[in-house]
Amino acid sequence: MKASILLTVITGVSASLIFTGASGQLNGVDYYISPFSQGQACDGSCDGLHEVNISQSTFGFVPVSVVAYTENNLDTLDDTFVEWSSKDDVWQGGFAKTVFVGSSNYQKIKSTAVRTKEKPTVLPLSQQSNIPSGPYFIDLSTGKLHQAFRLYNDFSGAFTQSLLQKPTGDFQVLSAQIPAADTLTIGVPSRLYYTPSEEKPLAGVRVAIKDIYSLAGVRSSYGSRAYYHLYPPANETGPAIQNLIDAGAIIVGAQKPSQFANGEVATADWVDFHAPFNPRGDGYQDASSSSAGAGSSEASYQWLDLAVGSDTGGSIRGPAGVQGLFGNRPTHGLVSLDNVMPLSPTLDTAGFLARDPCLLDLASKAMYKDNYTSYADEKLEYPRKIYVLDFPATNDSSAQIIRKFSRDLASFLNTTVTPLSLSDAWTAIAPDEYNTQTIFEFLNLTYAVLIAKDQTRLLRDPFYRDYAAVHDGRLPFVDPVPLTRWAWGDAQPDSIYTEAVVSKNAFADWFNNQILPQASDSSTCSSAILLHTDSTGHFSSRDQYLPDPSPPFGFSDGEISIFSGAPDTVFPIGEIPSFSSVTNHTEFLPVTIDVMVAKGCDGMLSKLAQDLVQAGIISIPKIGGTLHGGDVLMRRS
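Definitions and limits used
- Within each chain, residue numbers correspond to sequence positions counted from 1 in written order.
- Selection of residues for local features in this predicted model requires a pLDDT of at least 70, selection of side-chain atom pairs for listing and counting requires 80 or more, and totals for whole chains, interfaces and linings are taken over all residues.
- Side-chain metrics rest on all non-hydrogen atoms present in the structure, leaving aside hydrogens and water.
- Strands are treated as partners if at least two bridges between them are detected by DSSP.
- The secondary structure listing takes helices from DSSP runs of H or I that are at least 4 residues long and strands from runs of E that are at least 2 residues long, numbered from the N terminus.
- Here an axis means a line fitted to C-alpha atoms, over the contact stretch when the element is a helix, while the angle between two N-to-C directions is reported on a 0 to 180 degree scale.
- Two cysteine sulfur atoms form a disulfide, by the criterion used here, when they sit within 2.5 Å.
- A simple rule labels every residue: compare its accessible area, found with a 1.4 Å probe on the protein chains alone, to the largest value its type can have, and call it buried under 20%, exposed over 50%, or partly exposed in between.
- We call a set of buried Ala, Val, Leu, Ile, Met, Phe, Trp, Tyr and Cys residues a nonpolar core when their side-chain atoms join them within 4.5 Å.
- Throughout, a contact is declared for two residues whenever any of their heavy atoms are within 4.5 Å.
- For classification purposes, an angle smaller than 35 degrees is called roughly parallel, one larger than 145 roughly antiparallel, one from 65 to 115 roughly perpendicular, and anything else oblique.
- Handedness of a crossing follows from how the near helix is turned relative to the far one, being left-handed for an anticlockwise turn of less than a right angle and right-handed for a clockwise one.
- Throughout, the ten residues Ala, Val, Leu, Ile, Met, Phe, Trp, Tyr, Cys and Pro are labelled nonpolar, Asp, Glu, Lys and Arg are labelled charged, and all others, Gly among them, are labelled polar.
- Take the number of residues in a helix, subtract one, and multiply by 1.5 Å to get its expected span.

A.B. asks: Explain the sheet that holds strand β12 (residues 250–255) to me, please; I cannot follow it from the model alone.
C.D. replies: Consider a sheet: its strands pair through backbone hydrogen bonds, and that pairing is either parallel or antiparallel. Across the sheet, which stays open at both edges, the twelve strands sit in the order β9-β8-β12-β11-β13-β15-β14-β19-β20-β18-β16-β17 with mixed pairing between neighbours. Of all strands in the sheet, those with a lone pairing partner are β9 (171–173) and β17 (417–420), marking the two edges. In this sheet, adjacent strand axes meet at a mean angle of 30° when their direction is disregarded. Across five bridges, strand β13 (residues 306–310) lies against strand β15 (residues 350–354) in antiparallel orientation. Note that in β15 the partner of Leu306 across the bridge is Ala354.

Below, the structure written as structure tokens:
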């Protein structure tokens, strides 16, 4: 009787085993086999598969290479493989034992294969195939090819999820894990699969996304474990990220923000998630926030090309500064932020952290579309006026680097620098109804009010309500920083929000018309360039105890772009030696500067960065412990 009941239960269950990919090693390198077929390797029954060396088989898959119809000027496979090795980190010799070749090259390659170093089995590629060249794994049971992803350890703890885009356009978690200490595994596809074009300028560019942007099929955390588990995966990808995908970008993962994109300091402020590690210096400096994962990863990983962050109050520029990267806060409103977590829509922007300003320019054009003018292939007249704002009065190493950059920039533009005091200018030429206060008094509460009032209304209140509905009226855990800011906002009258908006708009009108307006000359865009300091190479160690958090009162140079809506891009300009109490050695920390131009002139900043790199005034930063490379001292792999 029990047996018959058990049999009924078993037969009544509908079971489905879904293949989500597989992982394995090839010549000591970790790989992930995509669950999605790219198509048949050969026509008909694929009889040639009996020639494949099944000793290489794992889970019925064998590594192979595809040399497609589009490969021209091929002399030998050896030449092809040398070229591939030089530009791709996924392909290796282990894929060279079996090679599928397009018909236009097949006979030539077949006849010369015996002289090839690897002496591969050469088979004809299906004439129906549009599969691009590169490394694949072939399923011996079906003859279908699956893309190869190289697996990397996220040793800096920058990611919340490793992602794989499905053929349907949505995403799934990339289910693989290599041996590592408390870190995720990220998979990247071969660069050989992709060819940039006018329609797909970002084809094959590996991009990571701050975990506040919705991606179809992916749960968002916003830096909160409670939020992640409460809500289902998103139904759609927001337009900012979809613009990048449409341009060919490959999204490889979601990255850690400080909770709800509020500024937090490692390690004390981070509770739900451990703060990402800054690879520069001794490896135990604060990565800044809120785009902490974005900055950490771009300074740590050669296999990652670009990271998308957001900047409301410095959340791109802070991480770019302390990790020595290019990072842009764009003109406000260049791209829709639908399906993006709000901090304050009146201030929120989407931008990038990058090592290469050329890629920053391409990505900006892809994301911002017609709202962005790229000057990469156009002549641009730069402004002849350079303002320097609050430069250090000392003569220490970082001050010398900052002043040298300003002199070099002035020489490059054949002009001179002009010191600017924003507070004096405000007192002298601000509208009469506002200049009874100093600029610091006038804007003291503005940022704190806008983010507190906006985020409690747009995020906290619905989050608390939804959480309570499924948890018997309970409240979720929230980190100390957002909790403090929200509580302060609750204690303020509603009228203070209107006052803050008025103050923000008044400053924007004044600054954009009196200090940094667009140029009247059509040969340029901005009337001037404004420089202010960012990171000065100081230690901000993550092993220090901090005072209790408080609302972000005050006004600083970093908030000029926040309130004016004008673009502000961080340029890495050097590094200074500092003695580390962690390593008991002298380490090097980045020095960076913020460069501003008039509202709407974003492309000028990317062009200037490219020109200064070409002129040798600044350098493209490398990954590692310094801007020139070197070991990451805290690396755990």
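Here the narrative resumes, following the displayed structure.
A.B. asks: Honestly, the state of the cysteines in this entry has me stumped. Any pointers?
C.D. replies: Defined simply, a disulfide is a covalent bond joining two cysteines at their sulfur atoms. Counted under the stated rule, the structure contains one disulfide. Across a sulfur-sulfur distance of 2.0 Å, Cys525 and Cys601 are joined as a disulfide pair. Taking the torsion about the S-S bond as the criterion, the Cys525 to Cys601 disulfide, at about -80°, is left-handed. Residue Cys525 is located in the loop between α14 (495–515) and β18 (529–536), and its partner Cys601 is located in the loop between β20 (586–596) and α16 (602–614); the two are separated by 76 residues in the primary sequence. The same class applies to Cys525 and to Cys601, which are both buried. A disulfide-free cysteine, Cys358 has its sulfur positioned 20 Å from the sulfur of Cys525, the nearest such atom.

A.B. asks: How should I be thinking about the nonpolar core in this particular structure?
C.D. replies: Across soluble globular proteins, nonpolar side chains have a tendency to be buried as a group. By size, the foremost hydrophobic cluster in this structure holds 78 residues, and its most contacted members are Leu531 and Phe571. Excluding anything up to four places from it in sequence, Phe571 contacts Phe326, Phe405, Thr592, Ile593, Val595, Leu605, Leu608, Ala609, Leu612 and Ile618. Counting 36 residues, the second largest nonpolar core, distinct from the first, contains Ala22, Ile33, Val101 and Ile131.

A.B. asks: Help me understand the packing of helix α12 (residues 446–470) against α14 in this model?
C.D. replies: The N-to-C vectors of α12 and α14 enclose an angle of 130°; their axes lie 9 Å apart at closest approach. Taken together, the axes of α12 and α14 are oblique relative to one another. Here α12 runs over α14; the crossing is left-handed. Between α12 and α14, the contacting residues are Thr446, Val449, Leu450, Lys453 and Asp454 on the first element and Ile496, Tyr497, Ala500, Val501, Ser503 and Lys504 on the second. Each residue belonging to the contact of α12 with α14 can be placed in one class, and the counts come to six nonpolar, two polar and three charged.

A.B. asks: Just checking my understanding: could you explain helix α9 (residues 397–412) for this structure?
C.D. replies: Every α-helix winds through 3.6 residues per turn, so residues three or four apart in the chain are directed the same way. Taking 1.5 Å of rise per residue, the 16 residues of α9 would be expected to cover 22 Å, and the 22 Å separating its terminal C-alpha atoms lies within 8% of that figure. Looking at α9, one finds that the buried residues are Ser398, Ala399, Ile401, Ile402, Phe405, Ser406, Leu409 and Ala410. Among the structural elements, β16 (386–389), β17, β18, β19 (568–579), β20 and α16 are those in contact with the buried residues of α9.

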